[in-house]
Amino acid sequence: MELQGKRIVLGVTGGIAAYKAAELVRLLGKQGAEVQVAMTEGATHFVTTTTFQALSGKPVFTDQWDARMPNAMAHIDLSRQADLILVAPASADFMARIANGLAGDLLATMVLARECPLLVAPAMNLQMWENPATQRNVTQLLADGVHLLGPASGEQACGEVGAGRMLEPEEILEEVLAFLSPKLLAGKSVLITAGPTFEAIDPVRGITNLSSGRMGYAVARAARQAGAKVTLVSGPVGFCSPQGVDRISVRSALEMYAAVMARAAESDIFIGVAAVADYRVANAAEHKLKKDTGGIPPIELVENPDILAEVAALKDGPFCVGFAAESRNLEEYAQTKRRKKNIPLIAGNLIQDGFGGDDNRLVLFDETGNYPLAPASKSVLARQLIEHIATLTGEN
Ligand code: PMT
């Protein structure tokens with residue numbers, strides 16, 4: 001519930017992407033936000049107020065003269081109660097109106113009367129987006145301190161391909177979370193590893209482990225939300241890149257090592273969340289191993305480089321954070337790993353808690369002692385880890 005207690009006015013304007021705003025209401029609500037929907041008249045041609053009322057659990061406002069507000073000041077009351085106004089989708093017409101301070105309907109009036117931040121997710125046809133008039137309005141809105149989310153490029157409802165498509169609801173949610181998070185790592189560059197590695201035995205078989213990448217991706221999102229520039233070196237996982245994060249996909253430990261070492265020196269913080277294979281196959285077969293060629297094929301293992309230890313050994317290298325997954329003796333083994341790798345902080349988790357699921361239990365071990373965190377989702381724990389890192393690096 002990352003938006004618990006937040007009041008968000010979601011403005012919906014006329015465009016086919018209005019149907020995606022319904023999912024956005026659901027996603028914001030799932031994170032604990034109280035969502036008040038206000039629609040332009042145009043938006044009601046695409047989606048009914050009933051849809052938004054059912055999803056938000058609140059009456060939807062469309063009319064400046066709505067009699068439900070006892071003081072007849074819906075525009076003031078609704079916008080003053082909000083922590084932020086998010087307009088998604090924002091049509092070219094709506095952007096033009098608010099860029100010029102026009103207040104011809106309830107939503108535009110709320111925008112003009114607001115005291116809170118305004119986030120706008122444009123959605124329009126490619127030519128409309130590229131039109132000099134729209135670009136002038138965009139420049140004006142940015143100059144006025146309005147935050148633009150997107151637009152994305154891709155296939156549009158009209159069949160054309162290009163810039164102007166609204167960000168997906170999940171991406172908009174990510175942007176809202178990032179916007180509202182304290183910027184504990186502003187200006188920092190953070191390098192993170194996540195997921196498993198895959199060590200080939202032959203072209204179709206290999207040695208890997210059960211890391212899903214969830215913990216590492218949650219740490220990447222939390223670091224980005226804290227204002228850092230994040231690079232995520234990811235082993236093979238089934239997730240899309242987190243919004244605003246630069247992802248480098250690798251397969252083996254050696255590939256992960258090369259990707260990390262190429263970037264470590266210019267990073268401020270390195271967080272090794274990946275479950276890296278300690279060994280790789282020295283005699284990986286070029287062709288698929290055949291069962292009937294006599295005997296069990298021998299697999300020879302050689303040690304992989306310890307990425308975290310090598311980054312920690314760099315002169316003037318980044319602040320290093322490790323992870324340790326243990327089946328027992330968590331404190332003893334995690335602290336031993338921390339000292340052996342010569343790193344200031346390690347996050348320990350039990351194997352049965354850490355691998356795979358959405359939740360975890362972490363204990364943070366640093367030079368001053370142990371900090372057990374309450375069991376929680378990996379997103380919540382990732383944020384607490386980032387707060388601890390910010391404290392240790394003097395950013396908090
Ligand atoms: O991906 P999930 O399903 O969400 O699961 C998350 C997790 C359980 C994988 C994660 O929370 C975790 O604990 N990751 C570390 C796993 C581990 O036990 O690593 P290790 O003990 O092998 O290594 C200790 C540290 O050194 C880790 O930071 C690891 O990234 C790093 N390491 C290890 C070996 C190696 N060759 N290079 C490394 O950098």
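Here is what the cut-offs are and how they apply
Residues numbered from 1 in each chain as written. Predicted model: local features only at pLDDT ≥ 70, side-chain atom pairs only at ≥ 80, totals over all residues. Heavy atoms only, no water. Near = heavy atom within 4 Å. Polar contact = N/O pair within 3.5 Å; in protein donor to acceptor, adjacent residues only side chain to side chain. Areas by Shrake-Rupley, 256 points an atom, 1.4 Å probe, with all protein chains shown as cover. Helix = DSSP H or I, 4+ residues; strand = E, 2+ residues; numbered from the N terminus. Nonpolar A, V, L, I, M, F, W, Y, C, P; charged D, E, K, R; others polar. Domains from an automatic or database assignment. Contact = heavy atoms within 4.5 Å. Buried area = accessible area lost by both parts, 1.4 Å probe. Salt bridge = Lys/Arg side-chain N within 4 Å of Asp/Glu carboxyl O.

Visitor: Looking at this structure, I do not really get the site of the ligand. What am I missing?
Guide: Ser211, Gly272, Ala274, Lys337 and Asn349 are the nearest of the 25 residues found near the ligand. The contact in question runs from a nitrogen atom of the ligand to an N or O atom on the backbone of valine 273, over 2.9 Å. Between the ligand and alanine 274, the relevant distance is 2.6 Å, taken from an oxygen atom to a main-chain nitrogen or oxygen of the residue. Burial of the ligand by the surrounding chains reaches 95%, relative to a free accessible area of 780 Å². Elements that contribute at least two residues to the shell around the ligand include exactly helix H9 (214-225), helix H11 (307-312), strand S16 (319-326) and helix H12 (330-341). Its residues assigned to classes, the shell around the ligand comprises 11 nonpolar, eight polar and six charged.

Visitor: Sorry if this is basic, but what is going on with the domain arrangement of the protein here?
Guide: Many descriptions give the size of an interface as the accessible area lost when the pieces come together. Domain parsing of the protein yields domain 1 (7-180) and domain 2 (189-392). Computed over C-alpha atoms, the centres of domain 1 and domain 2 are 39 Å apart. Counting residues at the interface gives six residues for domain 1, matched by four residues for domain 2. Together, the buried faces of domain 1 and domain 2 total about 540 Å²; carbon and sulfur atoms form 37% of this surface. Broken down residue by residue, the surface that domain 1 buries against domain 2 is led by Glu174, Glu175 and Ala178, which jointly contribute 74%. Here domain 1 and domain 2 share two salt bridges between them. The salt bridge partner of arginine 224 is glutamate 175, with a shortest N-O separation of 3.3 Å. The tally of links from domain 1 across to domain 2 stands at three residue pairs in polar contact (both at pLDDT 80 or more). Residues that form the side of domain 1 that touches domain 2 fall into these classes: three nonpolar, no polar and three charged.

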